[in-house]
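Chain by chain, the residues run as shown.
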There are 4 protein chains.
Amino acid sequence: MGATSTKQSAIFSASLVLFAERGFDATTIPMIAEGANVGAGTIYRYFKNKESLVNELFQKYVKEFLVCIEKGLLVHRKDFREGFHHIFRGMIQFTVENPRALRFIKTHSQGAFLDEKSLKEYEKLVDLVCDFFREGQQEGAIRTLHVNALIAILFGSFMEVHSLVESQHIILSKELLDELEESLWAAIKQC
Amino acid sequence: MGATSTKQSAIFSASLVLFAERGFDATTIPMIAEGANVGAGTIYRYFKNKESLVNELFQKYVKEFLVCIEKGLLVHRKDFREGFHHIFRGMIQFTVENPRALRFIKTHSQGAFLDEKSLKEYEKLVDLVCDFFREGQQEGAIRTLHVNALIAILFGSFMEVHSLVESQHIILSKELLDELEESLWAAIKQC
Amino acid sequence: MGATSTKQSAIFSASLVLFAERGFDATTIPMIAEGANVGAGTIYRYFKNKESLVNELFQKYVKEFLVCIEKGLLVHRKDFREGFHHIFRGMIQFTVENPRALRFIKTHSQGAFLDEKSLKEYEKLVDLVCDFFREGQQEGAIRTLHVNALIAILFGSFMEVHSLVESQHIILSKELLDELEESLWAAIKQC
Amino acid sequence: MGATSTKQSAIFSASLVLFAERGFDATTIPMIAEGANVGAGTIYRYFKNKESLVNELFQKYVKEFLVCIEKGLLVHRKDFREGFHHIFRGMIQFTVENPRALRFIKTHSQGAFLDEKSLKEYEKLVDLVCDFFREGQQEGAIRTLHVNALIAILFGSFMEVHSLVESQHIILSKELLDELEESLWAAIKQC
DNA sequence: GATGAATGAGACTTCATTCAT
DNA sequence: GATGAATGAAGTCTCATTCAT
């Protein structure tokens with residue numbers, strides 16, 4: 001909890017903003033150093049190299065995303081509509097608590113620079129929701145589309161809407177969230 | 001059909017594959033040259049520079065995408081379910097006819113390298129579907145979500161599923177397409 | 001007297017020699033880097049780009065040239081023969097103190113890469129001598145040739161002789177200088 | 001006297017203009033080709049390469065310059081003032097008949113691309129005037145400066161004034177020429 | 001003979017990374 | 001531990017030269 005973690009988190013913060021806005025390749029180490037108010041060399045005390053930094057950042061936020069979704073799921077398992085509500089609200093909570101993180105995750109989840117650990121962590125996130133959907137399908141509550149497709153619909157839609165909110169093409173409101181949840185549930189539920 | 005168009009289209013093809021797979025920044029001119037079986041210098045006979053290349057490629061495919069969607073829409077306008085069917089099938093047709101193009105469009109549509117013409121062309125695409133949705137909302141056939149959100153749901157989902165097909169996480173089949181269409185229509189329609 | 005000024009002046013020195021000998025276009029950054037014993041990238045820590053380097057170098061030496069000529073002029077203004085003597089000796093002093101600088105200035109003073117500041121600085125140099133000549137003409141001490149032509153004679157001759165000295169076609173001696181001064185004065189003075 | 005010599009002289013003309021205005025390095029083969037209204041490849045039918053072209057051009061104009069000066073000299077040898085007059089008028093004639101040639105010769109006479117033949121031809125030019133000056137010195141008509149220095153004064157001044165005329169800083173007139181001749185003779189003659 | 005499309009060597013420049021301070 | 005000056009590999013782009021047409 002000393003000066004060390006302060007510097008590291010400053011580097012994390014600056015990286016998140018820059019990676020989310022400009023992408024991995026277009027972000028330079030000096031940019032991050034300036035954003036974090038540290039020397040360029042200092043970054044290399046905390047991270048082996050630029051790839052290492054992006055991977056640690058990616059894993060950090062994927063984990064936090066996972067926690068946000070997991071939290072609500074554990075409680076209400078029987079009712080799938082309720083379960084979906086918790087997943088959806090967990091996603092919202094994550095984007096609110098970690099402003100640039102979702103865009104960062106989305107735009108970097110296919111990057112060639114991701115190492116095995118990052119990919120595995122990302123898969124965990126997907127698997128969690130997969131399991132939920134699969135169970136719902138067995139109970140006849142959820143559409144019999146390929147579970148990966150269902151996840152694609154859920155995440156793809158959500159992230160795209162999130163982009164619009166961030167770029168201020170859409171204004172976030174309670175109504176929007178409720179309608180969006182309803183729309184996505186309609187896409188997912190067995191009719 | 002002389003050597004000219006052959007070289008240029010070889011450069012286009014190689015660029016499309018590389019940009020779609022690795023992104024603009026991570027793709028180098030030598031990579032494109034090798035993929036197109038031309039010398040690096042040749043690329044500069046056909047395109048002013050790397051940015052010019054990505055913009056021309058972007059406009060080309062956005063235009064073709066537009067054509068695919070427009071085609072069906074013009075016929076069946078009254079029935080929105082039918083209209084949606086044509087949009088959806090147009091999207092499918094485009095992805096089948098232009099294997100990497102949709103992923104390229106999606107991953108580059110926010111790039112800082114896009115010039116005004118590219119942005120305008122992309123906007124046309126969005127506007128076309130916007131208009132369709134807006135009309136449907138006035139007729140009470142389509143959900144009253146913000147039209148941009150509806151588009152985000154449609155395109156976001158579709159592209160994400162498309163990614164899964166391309167990465168062979170999902171196998172494309174008539175059933176999948178039918179169910180996906182049904183699911184997305186459920187997300188969009190007024191219930 | 002830190003490492004900073006050492007590197008920068010090494011780059012300046014190497015540039016001066018190379019630009020003077022080969023010209024701006026035929027001098028490459030790697031050549032300069034090798035001459036200055038620095039990495040090629042280091043040059044870009046001190047100068048924005050190659051043009052910036054040549055402009056800073058040009059301004060530096062034109063300023064020093066100006067100082068050399070100005071110094072003597074300020075004292076003896078009434079006697080034009082004496083004034084000319086000081087201009088001439090100032091030119092000599094400059095070429096002795098800054099071995100390659102005069103040739104560099106001469107061969108680059110018409111370069112398309114010169115920016116406004118460089119041109120203005122060069123003009124100052126010309127104007128100083130112009131004023132001296134104009135005054136001399138009004139007093140009937142100096143030939144009524146166009147002042148620009150007088151300057152052309154003075155500088156053109158001087159630089160050409162300087163070239164011969166540098167290329168060791170002529171050996172520099174007190175006699176040579178005295179005779180040269182006499183010859184140029186004869187060209188300039190009203191007879 | 002067919003199409004061949006037409007093309008070659010078109011290439012020569014275009015090269016002269018471009019080399020004189022932009023210099024050897026800043027002039028590209030495509031520029032010359034466009035200026036000469038020939039294909040780029042055609043240039044290589046008439047000249048081995050770019051260096052060969054500049055050397056042939058240089059030799060051609062140095063030779064013509066030599067002829068211009070030689071012509072008048074052969075007649076009046078005893079009177080050095082008269083001899084100088086012919087040299088000077090020969091120089092004028094050359095610049096009038098070959099608009100860009102003198103500037104081309106001057107700005108390229110130190111180029112690293114000049115081959116032995118070019119250097120030898122240039123030396124001939126210098127030697128011709130050298131001999132004249134040396135003879136004049138022996139007769140006590142010409143200043144006892146190093147002959148190379150005398151040539152430097154003559155050519156250096158002349159070329160510099162010529163530059164001013166070309167750049168329209170000075171307007172060419174009979175008076176200017178007469179005064180200039182007088183001034184240069186004053187610089188050269190034994191007083 | 002004439003052309004200009006094609007090429008690749010080499011120029012300028014950037015930036016991840018190191019290391020002396 | 002922190003820094004940022006220094007570096008050189010690698011990227012973009014130009015252009016002299018070749019060669020199939």
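Residues numbered from 1 in each chain as written. Chains lettered and ligands numbered in written order. Predicted model: local features only at pLDDT ≥ 70, side-chain atom pairs only at ≥ 80, totals over all residues. Heavy atoms only, no water.

- Under an unreviewed UniProt entry, chain A has the name Transcriptional regulator and belongs to Priestia koreensis.

A short note on the arrangement of the chains
Here is step 1 of the chain: Spatially, chain A and chain C are disjoint, and the shortest separation between their C-alpha atoms is 13 Å.
Here is step 2 of the chain: When C-alpha atoms are compared, chain B and chain D, though not in contact, are closest at a spacing of 13 Å. (Contact = heavy atoms within 4.5 Å.)

A word on the UniProt feature "DNA-binding region" (unreviewed entry) in chain A
Here is step 1 of the chain: This chain's UniProt record puts "DNA-binding region" (unreviewed entry) on residues 28–47 of chain A.
Here is step 2 of the chain: Overall, residues 28–47 of chain A shows 75% helix and 0% strand. The separation of its end C-alpha atoms is 14 Å. (UniProt positions renumbered as here; feature names shortened; annotations may be inferred. Helix = DSSP H or I, 4+ residues; strand = E, 2+ residues; numbered from the N terminus.)

Remarks on the protein's contact with DNA strand E
Here is step 1 of the chain: Near DNA strand E, the surroundings consist of 29 residues, among which I29 of chain A, T42, R45 and Y46 of chain B together with T42 of chain D are the closest.
Here is step 2 of the chain: Taking G41 of chain D, its main chain carries an N or O atom lying 3.1 Å from a base nitrogen of DNA strand E.
Here is step 3 of the chain: Interatomic distance of 3.3 Å between a side-chain N/O atom of Y46 of chain D and a phosphate oxygen of DNA strand E.
Here is step 4 of the chain: Those elements that provide at least two residues to the surface near DNA strand E are α2 (29–36) of chain A, α3 (40–46) of chain B, α2 (29–36) of chain C together with α3 (40–46) of chain D.
Here is step 5 of the chain: Examining the composition of the surface near DNA strand E, we find that 5 residues originate from one element, α3 of chain D, more than from any other.
Here is step 6 of the chain: Residues that form the surface near DNA strand E fall into these classes: 11 nonpolar, 12 polar and 6 charged. (Near = heavy atom within 4 Å. Polar contact = N/O pair within 3.5 Å; in protein donor to acceptor, adjacent residues only side chain to side chain. Nonpolar A, V, L, I, M, F, W, Y, C, P; charged D, E, K, R; others polar.)

Re the domain arrangement of chain A
Residue and element names in this part refer to chain A.
Here is step 1 of the chain: Annotation of chain A at the domain level lists domain 1 (1–47) and domain 2 (50–188).
Here is step 2 of the chain: Here domain 1 and domain 2 have C-alpha centroids that lie 26 Å from each other.
Here is step 3 of the chain: At the junction of the two partners, domain 1 supplies 16 residues and domain 2 supplies 14 residues.
Here is step 4 of the chain: Roughly 1500 Å² of surface becomes buried between domain 1 and domain 2 when both sides are summed, with 76% attributable to carbon and sulfur atoms. (Domains from an automatic or database assignment. Buried area = accessible area lost by both parts, 1.4 Å probe.)

So, the UniProt feature "domain: HTH tetR-type" (unreviewed entry) in chain A
Here is step 1 of the chain: According to UniProt, the feature "domain: HTH tetR-type" (unreviewed entry) maps to residues 5–65 of chain A in the numbering used here.
Here is step 2 of the chain: Helix makes up 80% of residues 5–65 of chain A and strand makes up 0%, while its end C-alpha atoms are separated by 21 Å.

Re the relation of the copies chain B and chain A
Here is step 1 of the chain: For the pair chain B and chain A, the best superposition has an RMSD of 0.4 Å and corresponds to a rotation of 178° with a translation of 0.1 Å parallel to the axis. With respect to symmetry, the two chain copies, as superposed, fit the operation of a two-fold axis.
Here is step 2 of the chain: A high fraction, 100%, of the interface residues of chain B reappear at the interface in chain A, so the copies pair face to face through one surface. (Least-squares fit on C-alpha atoms with pLDDT ≥ 70 in both.)

Overview of unusual backbone geometry
Residue and element names in this part refer to chain D.
Here is step 1 of the chain: Unusually for a residue other than glycine, N37 sits at a positive phi of about 60°.
Here is step 2 of the chain: In this structure, N37 sits in the loop between α2 (29–36) and α3.
Here is step 3 of the chain: One non-glycine residue, Q168, lies in the positive phi region at around 65°.
Here is step 4 of the chain: Examined against the element boundaries, Q168 turns out to sit in the loop between α8 (147–166) and α9 (174–188).

Here we look at the pattern of salt bridges
Here is step 1 of the chain: Enumeration according to the criterion identifies 40 salt bridges over all chains in this entry.
Here is step 2 of the chain: Note that R89 of chain A and E181 of chain A form a salt bridge whose closest N and O atoms lie 2.8 Å from each other. Of this pair, R89 of chain A sits in helix α5 (residues 80–97) while E181 of chain A sits in helix α9 (residues 174–188), and the two are 92 residues apart along the sequence.
Here is step 3 of the chain: Here E181 of chain A falls in the buried class, since its relative accessible area comes to 4%.
Here is step 4 of the chain: The residue K124 of chain B makes a salt bridge to E121 of chain B at a minimum N-O spacing of 3.0 Å. Of the two residues, K124 of chain B and E121 of chain B both sit in helix α7 (residues 116–138), 3 residues apart, roughly one turn of that helix.
Here is step 5 of the chain: Classification of E121 of chain B by relative accessible area gives buried; the value is 7%.
Here is step 6 of the chain: Where salt bridges share partners, they join R81, R89, K174, D178, E181 and E182 of chain A into one cluster. (Salt bridge = Lys/Arg side-chain N within 4 Å of Asp/Glu carboxyl O. Buried < 20%, exposed > 50% of the residue type's maximum accessible area, 1.4 Å probe, protein only.)

What to know about the protein's contact with DNA strand F
Here is step 1 of the chain: Looking at DNA strand F, there are 30 residues lining it, with T42 of chain A, T42, R45 and Y46 of chain C together with I29 of chain D nearest.
Here is step 2 of the chain: Atoms of DNA strand F within 4 Å of the protein: sugar and phosphate make up 75%, bases the balance.
Here is step 3 of the chain: R45 of chain A is positioned such that a nitrogen or oxygen atom in its side chain is 2.7 Å from a phosphate oxygen of DNA strand F.
Here is step 4 of the chain: Here Y44 of chain B contributes a side-chain N or O atom positioned 2.8 Å from a phosphate oxygen of DNA strand F.
Here is step 5 of the chain: Of all the elements in the fold, those that place two or more residues in the surface near DNA strand F are α3 (40–46) of chain A, α2 (29–36) and α3 of chain B, α3 (40–46) of chain C together with α2 of chain D.
Here is step 6 of the chain: At 5 residues, the largest contribution of residues to the surface near DNA strand F is made by α3 of chain A.
Here is step 7 of the chain: Of the residues in the surface near DNA strand F, the class split is 11 nonpolar, 13 polar and 6 charged.

Topic: the interface of chain B and chain A
Here is step 1 of the chain: Listed per partner, the contact involves 28 residues of chain B and 28 residues of chain A.
Here is step 2 of the chain: Elements with a contribution of two residues or more to the side of chain B that touches chain A: α6 (101–108), α8 (147–166) and α9 (174–188) of chain B.
Here is step 3 of the chain: Counting residues per element, the side of chain B that touches chain A draws most heavily on α8 of chain B, at 9 residues.
Here is step 4 of the chain: Of the residues contributing to the side of chain B that touches chain A, the split by class is 13 nonpolar, 8 polar and 7 charged.

Quick word on the relation of the copies chain C and chain D
Here is step 1 of the chain: Superposition record for chain C on chain D: RMSD 0.4 Å, screw rotation 178°, translation along axis 0.1 Å.
Here is step 2 of the chain: Most of the interface of chain C is mirrored in chain D, where 100% of its interface residues are also at the interface.

Brief notes about the state of the cysteines
Here is step 1 of the chain: Within the structure shown, the criterion is met by 0 disulfides over all chains.
Here is step 2 of the chain: No disulfide involves C130 of chain A; its sulfur sits 19 Å from the nearest other cysteine sulfur, which is in C68 of chain A.
Here is step 3 of the chain: Looking at C191 of chain B, it has no disulfide partner, and the nearest cysteine sulfur is the one in C191 of chain A, 12 Å off. (Disulfide = S-S within 2.5 Å.)

A few points about the interface of chain C and chain D
Here is step 1 of the chain: In this complex, chain C contributes 28 residues to the contact, which on the side of chain D involves 28 residues.
Here is step 2 of the chain: In total, about 2300 Å² of surface goes out of reach between chain C and chain D, with carbon and sulfur atoms giving 61% of it.
Here is step 3 of the chain: Among the residues of chain C in contact with chain D, L145, E160 and E179 of chain C are the three that bury the most area, contributing 18% of the side total.
Here is step 4 of the chain: Joining chain C to chain D, the criterion identifies 2 salt bridges.
Here is step 5 of the chain: For the salt bridge of E160 of chain D with K106 of chain C, the shortest nitrogen-to-oxygen distance reads 3.0 Å.
Here is step 6 of the chain: At the surface where chain C touches chain D, the tally comes to 10 residue pairs in polar contact (both at pLDDT 80 or more).

A word on the packing of helix α5 (residues 80–97) of chain C against helix α9 (residues 174–188) of chain C
Residue and element names in this part refer to chain C.
Here is step 1 of the chain: At a closest axis distance of 11 Å, the pairing of α5 and α9 adopts a crossing angle of 130°. Taken together, α5 and α9 sit at an angle that is classed as oblique. Note that α5 runs across α9; the crossing there is right-handed. For the pair α5 and α9, contact is made by F80, R81, F84, H85, F88, R89 and I92 and by L177, D178, L180, E181, E182, L184, W185 and I188, respectively.
Here is step 2 of the chain: Taken together, the residues that form the contact of α5 with α9 break down as 9 nonpolar, 1 polar and 5 charged. (Axes fitted to C-alpha atoms, helices over the stretch in contact; angles between N-to-C directions. Parallel < 35°, antiparallel > 145°, perpendicular 65-115°, else oblique. Left-handed = near helix turned anticlockwise from the far one by under 90°.)

Quick word on the packing of aromatic side chains
Here is step 1 of the chain: On inspection of all chains with the given rule, the structure shows 52 aromatic pairs over all chains.
Here is step 2 of the chain: Here F24 of chain C and F113 of chain C contribute two aromatic rings whose centre-to-centre distance is 4.2 Å and whose plane-to-plane angle is 35°, an arrangement assigned as tilted. Placement of the pair is F24 of chain C in the loop between α1 (3–22) and α2 and F113 of chain C in the loop between α6 (101–108) and α7 (116–138), with a sequence separation of 89 residues. With respect to class, F24 of chain C is no different from F113 of chain C; both count as buried.
Here is step 3 of the chain: Of the aromatic side chains, those joined through ring pairs into one cluster are F19, F24, F58, F104, F113 and Y122 of chain A. (Phe/Tyr/Trp six-rings, centres within 6.5 Å; stacked < 30°, edge-to-face > 60°.)

A look at the side chain of S183 of chain A
Here is step 1 of the chain: Mapped onto the elements of the fold, S183 of chain A is located in helix α9.
Here is step 2 of the chain: Among the polar contacts made by the side chain of S183 of chain A, one reaches the main-chain carbonyl oxygen of A187 of chain B at a distance of 2.6 Å.
Here is step 3 of the chain: Beyond its immediate chain neighbours, meaning those up to four positions away, S183 of chain A contacts R143, L145, I153 and A187 of chain B.

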